[in-house]
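These are the residues of each chain, in order.
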Amino acid sequence: AAAIALLVAAFTRPFFVVDPLRAAAATSGAREVVILLDHSASMGYGDHWKKAQEEALKVVRTLGGGDQATLVVFGTGTEEVVRATSDRGRLESAINDATVSSDGTRYAPALRWAQSLLARSALPRKEAVLISDFQKIGWERQEEIHLPEGATLSAVSGATPDTSNLA
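Cut-offs and rules
Residues numbered from 1 in each chain as written. Predicted model: local features only at pLDDT ≥ 70, side-chain atom pairs only at ≥ 80, totals over all residues. Heavy atoms only, no water. Helix = DSSP H or I, 4+ residues; strand = E, 2+ residues; numbered from the N terminus. Buried < 20%, exposed > 50% of the residue type's maximum accessible area, 1.4 Å probe, protein only. Areas by Shrake-Rupley, 256 points an atom, 1.4 Å probe, with all protein chains shown as cover. Axes fitted to C-alpha atoms, helices over the stretch in contact; angles between N-to-C directions. Parallel < 35°, antiparallel > 145°, perpendicular 65-115°, else oblique. Contact = heavy atoms within 4.5 Å. Nonpolar A, V, L, I, M, F, W, Y, C, P; charged D, E, K, R; others polar. Core = buried A, V, L, I, M, F, W, Y, C linked by side-chain atoms within 4.5 Å. Pairing = 2+ DSSP bridges. Polar contact = N/O pair within 3.5 Å; in protein donor to acceptor, adjacent residues only side chain to side chain. Expected span 1.5 Å × (residues − 1).

A. Structural view of the overall build of the chain. If you tally the helices and strands in the chain, you get five helices and five strands. If you list the helices and strands of the chain from N to C, you get α-α-β-α-β-β-α-α-β-β. Residue burial in the chain is summarised as follows: out of 167 residues, 37% are buried. Split by element, the accessible area of the chain, about 9,800 Å² in all, is 56% carbon and sulfur.

Here it is in structure tokens:
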């Protein structure tokens, strides 16, 4: 049976098209990183905001020479604080200067913003990092958000474990 399967495979001459440039670009090359930092009112609880800022600073410290990052803060609305820069000092300063707002949480506008920024980027690697305490109320309804092909989304929690939703 194995011999017949090998004969069939040999006659059909299966082949796999692997674009080496595309494969290399997926794991190497410059990155476009969008940092989505939740600054809604719930982030003011306990040490959530401090942890969220620390996580955002960690992302900035991973940037390589050709990488670019955009810092977006969000609550009910979305604000682009720093646009596509490789200047770590500027990004770190913006993260440290950001403050908690009195807004509620809405994830969809921030994710749409990331979708738009990543879709326009010419860099080979695209990443979005969502830093929040992940309040359930932030998802109002089924949202259709699709990051560009090959883009990754990382969710990082700034919440203290086992904290109940006080609202």
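B. Representation of the packing of helix H3 (residues 48–61) against helix H4 (residues 88–97) in the model. With their axes 10 Å apart at the nearest point, H3 and H4 run at an angle of 175 degrees to one another. Relative to H4, the element H3 is oriented roughly antiparallel. Residues Gln53, Ala56, Leu57, Val60 and Arg61 of H3 lie in contact with H4, whose contacting residues are Arg88, Leu91, Glu92, Ile95 and Asn96. Of the residues in the contact of H3 with H4, the class split is five nonpolar, two polar and three charged.

C. Highlighting the nonpolar core. In this structure, Val33, Ile35, Leu37, Leu71, Leu91 and Ile131 are the most contacted members of the largest nonpolar core, which totals 21 residues. The element that contributes the greatest number of residues to this core is H3, accounting for six residues. Sequence-distant contacts of Ile131, that is, excluding residues within four places in its chain, are made with Ile35, Leu36, Leu37, Asp38, Ala52, Glu55, Ala56, Phe74 and Val156. Membership of the second largest hydrophobic core comes to 13 residues, among which are Val72, Leu118, Ala128 and Leu130.

D. Structural view of the sheet that holds strand E1 (residues 31–38). Read from one edge to the other, the open sheet built from five strands follows the order E3-E2-E1-E4-E5, with strand pairing classed as mixed. The two strands at the open ends of the sheet, each matched to only one other strand, are strand E3 (78–85) and strand E5 (152–157). Neighbour-to-neighbour, the strand axes of the sheet open up by a mean angle of 15 degrees, direction not taken into account. Pairing between E1 and strand E2 (residues 68–74): seven bridges, direction parallel. Counted as the bridge partner of Ile35 is Leu71 from E2. Along the sheet, H3 contacts E1, strand E4 (125–132) and E5; its crossing angle with E1, the most-contacted strand, is approximately 175 degrees. Against the sheet, H4 contacts E2 and E3, and its axis sits at roughly 160 degrees relative to E3.

E. Spotlight on the side chain of Thr105. Residue placement: Thr105 occurs in the loop between H4 and helix H5 (107–120). Judged by its relative accessible area of 9%, Thr105 is buried. A polar contact is formed between the side chain of Thr105 and the side chain of Ser40, at a distance of 2.8 Å.

F. View of H5. Between its terminal C-alpha atoms H5 stretches 20 Å, which fits the 20 Å expected from 14 residues at 1.5 Å a residue. Among all positions in H5, only Tyr107, Ala108, Pro109, Ala110, Leu111, Ala114, Leu117 and Leu118 are buried. Where H5 is buried, its residues meet E1, E2, E3, E4 and E5.

Keep in mind that these numbers describe shape and distance, not what the molecule does.
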